[in-house]
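Understanding the architecture of this molecule
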Amino acid sequence: LAAATLFAAARARSDKRMAEVLRTREAEFRASFELGAVGKVQADPETGRFLRVNDTFCRMTGYPREELLGLAFTDITHPDDLETDLEHYRRLILGEISSYRREKRHRCRDGTVGWVLVAATALRDERGQTTLVLGDILDITNDKAATERLRESEAAQRTAKEEAQRASAAKSRFLAAASHDLRQPLQSLILFTGVLKGYVQGPRGEQALKHLEAGLGALKALLDSLLD
């Protein structure tokens, strides 16, 4: 009888310690789930309906908790991402994959669209049947917007560079044409002005020739400066 009493007391102490451990672990889990910096959800494997969500996910989507618990993940997934999302979810539930990560868009309560990174995994029983789906959701909307702005900036820079290259090529063509089309007739005028010296007689003719040479010289200097 004494041995049985001692055994029962030891058993009671052991059960008490186990209960305390379970309560501690439950409290730690609740804190990790509810106070997480990322959105956390638990979903029903068959329907995809949210069974539990944390405040971060509520803020991310704009839905109050009670509304989210009446929805499935398909209700807030962007239509363009739904088919791929369902395929990943199906493979997860069937045990073809143990988890998956993907970027997707979801529709917030106010009608806006947000980008998220989803990491989903499945809890299974001893028979391998999926009993619960766990999801961590990180809001990457700002990152996507920054990436898009960078892409647009790079595209604008490429366009500006191409326009500059076209302008440079046009300038080169202009300078080549100007050098040939303007310098050649000017050089001919200068050459024939020299020839005229042998035919000009009298002070007035010589004076006119000097003015002509001076004007052609000034024009040549101006053209050279412009082309340079």
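Look above for the structure.
In short, a report on the structure.

1. Details of the pattern of salt bridges
In this structure the tally under the stated criterion is 12 salt bridges. Between Asp136 and Lys40 there is a salt bridge whose closest N-O contact spans 3.1 Å. In this pair, Asp136 sits in strand β5 (residues 130–139) while Lys40 sits in strand β1 (residues 39–43), placing the two residues 96 residues apart along the sequence. Take Asp136: its relative accessible area is 33%, and that puts it in the partly exposed class. Lys40 sits in the buried class, given a relative accessible area of 16%.

2. Some details on the packing of aromatic side chains
Following the criterion strictly, the structure yields two aromatic pairs and no others. Where Phe50 meets Phe57, the ring centres are 5.5 Å apart and the plane angle is 65°; that geometry is what we call edge-to-face. Each member of the pair Phe50 and Phe57 is classed as buried. Each ring, one from Phe73 and one from Tyr89, has its centre 4.7 Å from the other, and the planes form 40°; the classification is tilted. You can see Phe73 sitting in helix α4 (residues 73–76) and its partner Tyr89 sitting in helix α5 (residues 79–94), a full 16 residues away along the chain. Accessibility assignment for this pair places Phe73 and Tyr89 in one class, buried. Cation over ring: Lys144 sits above Trp115, and NZ or CZ is 4.5 Å from the ring centre.

3. Some points on α5
Taking 1.5 Å as the rise per residue, α5 with 16 residues should run 22 Å; its terminal C-alpha atoms sit 23 Å apart, in good agreement. Residues of α5 that are buried: Asp81, Asp85, Tyr89 and Leu92. The inward-facing, buried residues of α5 abut β1, α4, β3 (99–107), β4 (113–124) and β5. Following α5 by one or two positions, Gly95 has its phi on the positive side, about 85°.

4. Thoughts on the environment of Leu186
For Leu186, the location among the structural elements is in helix α6 (residues 141–196). For the pair formed by Leu186 and Gly217, sequence separation is 31 residues and the distance between their alpha carbons is 9.4 Å. What Leu186 contacts, discounting residues up to four positions off in sequence, is Leu216, Leu219, Lys220 and Leu223.

5. So, the sheet that holds β5
Taken together, the five strands give an open sheet; going across it, the order is β2-β1-β5-β4-β3, and neighbouring strands pair in antiparallel fashion. In the strand order of this sheet, the two ends are held by β2 (50–53) and β3, each with one partner. If you compare each strand with its neighbour and ignore which way they point, the axes differ by 30° on average. The pairing of β1 with β2 spans three bridges and is antiparallel. Bridging across to β2, Gln42 finds its partner in Arg52.

6. Digging into the nonpolar core
Within the largest apolar cluster, 22 residues are counted, with the highest numbers of intra-cluster contacts made by Phe50, Val53, Phe57, Leu68, Leu92 and Ile137. Element by element, the count of residues in this core is highest for β4, at four residues. With near-sequence residues (within four places) excluded, Phe50 lies in contact with Val41, Gln42, Ala43, Phe57, Leu68, Leu69, Leu71, Ala72, Phe73 and Ile76. Core analysis: the second largest hydrophobic core is formed by five residues, Ala178, Leu186, Leu216 and Leu227 among them.

About the criteria used
Residues numbered from 1 in each chain as written. Predicted model: local features only at pLDDT ≥ 70, side-chain atom pairs only at ≥ 80, totals over all residues. Heavy atoms only, no water. Salt bridge = Lys/Arg side-chain N within 4 Å of Asp/Glu carboxyl O. Helix = DSSP H or I, 4+ residues; strand = E, 2+ residues; numbered from the N terminus. Buried < 20%, exposed > 50% of the residue type's maximum accessible area, 1.4 Å probe, protein only. Phe/Tyr/Trp six-rings, centres within 6.5 Å; stacked < 30°, edge-to-face > 60°. Lys NZ or Arg CZ within 6 Å of the ring centre and 35° of its normal. Expected span 1.5 Å × (residues − 1). Contact = heavy atoms within 4.5 Å. Pairing = 2+ DSSP bridges. Axes fitted to C-alpha atoms, helices over the stretch in contact; angles between N-to-C directions. Core = buried A, V, L, I, M, F, W, Y, C linked by side-chain atoms within 4.5 Å.

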